[in-house]
Amino acid sequence: MTGYSVDGTRLWSRLMDMAEIGATANGGSHRLALSQDDEDGRELFLAWCENRGFTAVFDRIGNLFVRRAGRTPAAPPVVIGSHLDTQPSGGRFDGVLGVLAGLEVLETLEDLELATEAPVEVAVWTNEEGARFQPAMMGSGVHCGVHSLAETLALTDASGIPVAQELERFGYDSGVEPGSRAIGSYLELHIEQGPVLEQEKKTIGVVTGGQAIRWYTLTMTGEETHAGPMPMAMRRDPVRQLAAVTELVYRIGLEDPDARATIGVIETQPGSFNVMPGQVRLSVDMRHPDEAVLGHMHGTLAEGIAQLNAEAEGVDINLEQTWHSPVVTFDTQLIEAVRTSAAARGYAARDMVSGAGHDAFHLAKVVPATMVFVPCRDGISHNEREYTAPEHVRAGANVLLDVALQAAGVQAPAGATA
Ligand SMILES: [Zn+2]
């Protein structure tokens, strides 16, 4: 602990001000990535930064980097980041907290006239949510070399608008090359998006890493036909297989308390009352904190589907894995710094593994990185009623401050408690 603290009131009022941009009727926010609302949110954030004299740089995928200079300008900065985009009916804290807490750290350093050795930066990553353009964690993925810039620029939203067109509209196409800016270490504060901290009355989640994720598209193909004339026994009906497939996925998910299995999309083609569908398409999302166990779940799914496919007469069942995000392990020293800060400040804390994906997962592939979680009410997120109490917002930002100061290197001025 450093003996310094953030201004929790200022941070809270910024969170509430940001929520007014794209405000929804039920108290949430709607700022889809690279929409006018998203841009308006960024402009507000940049106005706050410029007001304190912090300079901003952006790259060609629209990631923003706001710097407070260090004593050693050439040192790679300690970067605190997250995202300002939201789900269509998103809340006030997911992502926004991490960005505005980063700005609060910068402002606190400025208020205290504390010089750090390395610069400290706040990063705003483009399109973390993946609600408008897929994949999620897009900007951080391009920065870290996980996705190519050219392929990402060509991605389109549901109405066919390419990422490149929106970036040009807001002038980001004149930015620096993504990934060209060095990062020394990376910190991200986020709401937990689960119920554990609240249930256990903990203030700080010391995030040790993220669970492994696999995504699949499951396609069941028969032949569409009129709902009336064709006798049941003569149909090639893929919907009939839905129960068996769902049963298999849930059996895998329920095998182990740490496992998760989710069917988020179910589509029938052509989707008409009086047509027996010719095709059913499902999404399957499976997660586990242990890579080997997820591999086993994968095997069980693949075998189960192969067996169902062999048994299903007249229907072809095809499983395609579309994404695999391996287990993420955060930096031991940064994790320890989070633990130490929480303990010194008297915040009840526990170690945990992130169930959701975050920009920090990409960053952890290329630089030392870690995350800090704070509780959110009822574990609810991606929801307009998402809420984190002001004291938890402040506590999370204080931990960020401590860890950033340690990572950036600071000498306490005479008279200050170190
Ligand atoms: Zn988020």
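Keep in mind that this is a model prediction, so the values were computed, not measured.

Enquirer: An account of the overall build of the protein is requested, with residue identities and associated values reported.
Expert: On a plain count of helices and strands, the protein comes out with twelve helices and 16 strands. As displayed, the protein has an accessible area near 17,500 Å², and 51% of this comes from carbon and sulfur atoms. Averaged over its 30 positive side-chain charges, the protein has a centre that lies 3 Å from the centre of its 56 negative ones.

Enquirer: Can you lay out helix 12 (residues 390-408) for me, pointing to particular residues and giving the numbers?
Expert: End to end, helix 12 covers 26 Å across 19 residues, agreeing with the expected 27 Å (1.5 Å per residue, within 8%). Burial analysis of helix 12 places 14 of its 19 residues in the buried class, which makes it a mostly covered element. Just downstream of helix 12 lies Gly409, where phi reads positive at about 80°.

Enquirer: Which residues make up the packing of aromatic side chains, and what values go with them?
Expert: Enumeration over the complete set of coordinates arrives at eight aromatic pairs. Aromatic side chains Phe65 and Trp125 sit 5.6 Å apart centroid to centroid with 85° between the ring planes, which places their arrangement in the edge-to-face category. Highlighted residues: Phe65 in strand 2 (residues 64-68) and Trp125 in the loop between strand 4 (120-124) and helix 4 (138-143), separated in sequence by 60 residues. Pairing Phe330 with Phe361 gives two aromatic rings, centres 6.2 Å apart and planes at 65°, and the pair type is edge-to-face.

Enquirer: Give me the lowdown on the domain arrangement of the protein, citing residues and values where you can.
Expert: In terms of domains, the protein is made up of domain 1 (8-210 + 327-408) and domain 2 (213-325). Taken over C-alpha atoms, the centre of domain 1 sits 35 Å from the centre of domain 2. Contact residues are listed per partner, giving six residues for domain 1 and seven residues for domain 2. Each partner contributes to the roughly 460 Å² buried at the junction of domain 1 and domain 2, and carbon and sulfur atoms together form 56% of this total. In this structure, the connection of domain 1 to domain 2 is made through zero salt bridges. Where domain 1 meets domain 2, there are two residue pairs in polar contact (both at pLDDT 80 or more). Split by residue class, the side of domain 1 that touches domain 2 holds four nonpolar, two polar and no charged.

Enquirer: I'd like a rundown of the layout of surface pockets, residues and numbers included.
Expert: Computed from the structure, the largest pocket encloses a volume of approximately 1,200 Å³. Forming the walls of the largest pocket are 38 residues, and the residues nearest its centre are Gln211, Arg287, Gly355, Ala356 and Gly357. Only strand 7 (212-221), strand 9 (260-262), strand 12 (279-288) and strand 15 (349-354) provide two or more residues apiece to the lining of the largest pocket. Shared between two domains, the lining of the largest pocket holds at least three residues of each, these being domain 1 (8-210 + 327-408) and domain 2 (213-325). By volume, the second largest pocket is sized at about 240 Å³. In terms of lining residues, the second largest pocket is bounded by 15 residues, among which Pro135, Ala136, His147, Trp323 and His362 are the most central. Elements with a minimum of two residues in the lining of the second largest pocket: strand 13 (316-325) and helix 11 (359-363). Top element by residues in the lining of the second largest pocket is strand 13. It accounts for four residues.

What counts and how
Residues numbered from 1 in each chain as written. Predicted model: local features only at pLDDT ≥ 70, side-chain atom pairs only at ≥ 80, totals over all residues. Heavy atoms only, no water. Helix = DSSP H or I, 4+ residues; strand = E, 2+ residues; numbered from the N terminus. Areas by Shrake-Rupley, 256 points an atom, 1.4 Å probe, with all protein chains shown as cover. Lys, Arg positive; Asp, Glu negative; His and termini not counted. Charge placed at Lys NZ, Arg CZ, Asp CG, Glu CD. Expected span 1.5 Å × (residues − 1). Buried < 20%, exposed > 50% of the residue type's maximum accessible area, 1.4 Å probe, protein only. Phe/Tyr/Trp six-rings, centres within 6.5 Å; stacked < 30°, edge-to-face > 60°. Domains from an automatic or database assignment. Contact = heavy atoms within 4.5 Å. Buried area = accessible area lost by both parts, 1.4 Å probe. Salt bridge = Lys/Arg side-chain N within 4 Å of Asp/Glu carboxyl O. Polar contact = N/O pair within 3.5 Å; in protein donor to acceptor, adjacent residues only side chain to side chain. Nonpolar A, V, L, I, M, F, W, Y, C, P; charged D, E, K, R; others polar. 1 Å grid on protein atoms, 1.4 Å probe; cavity = no way out; pocket = protein on both sides within 12 Å on 5 of 7 lines; lining within 4 Å. Points joined across faces, edges and corners; volume = space filled by probe spheres on them.

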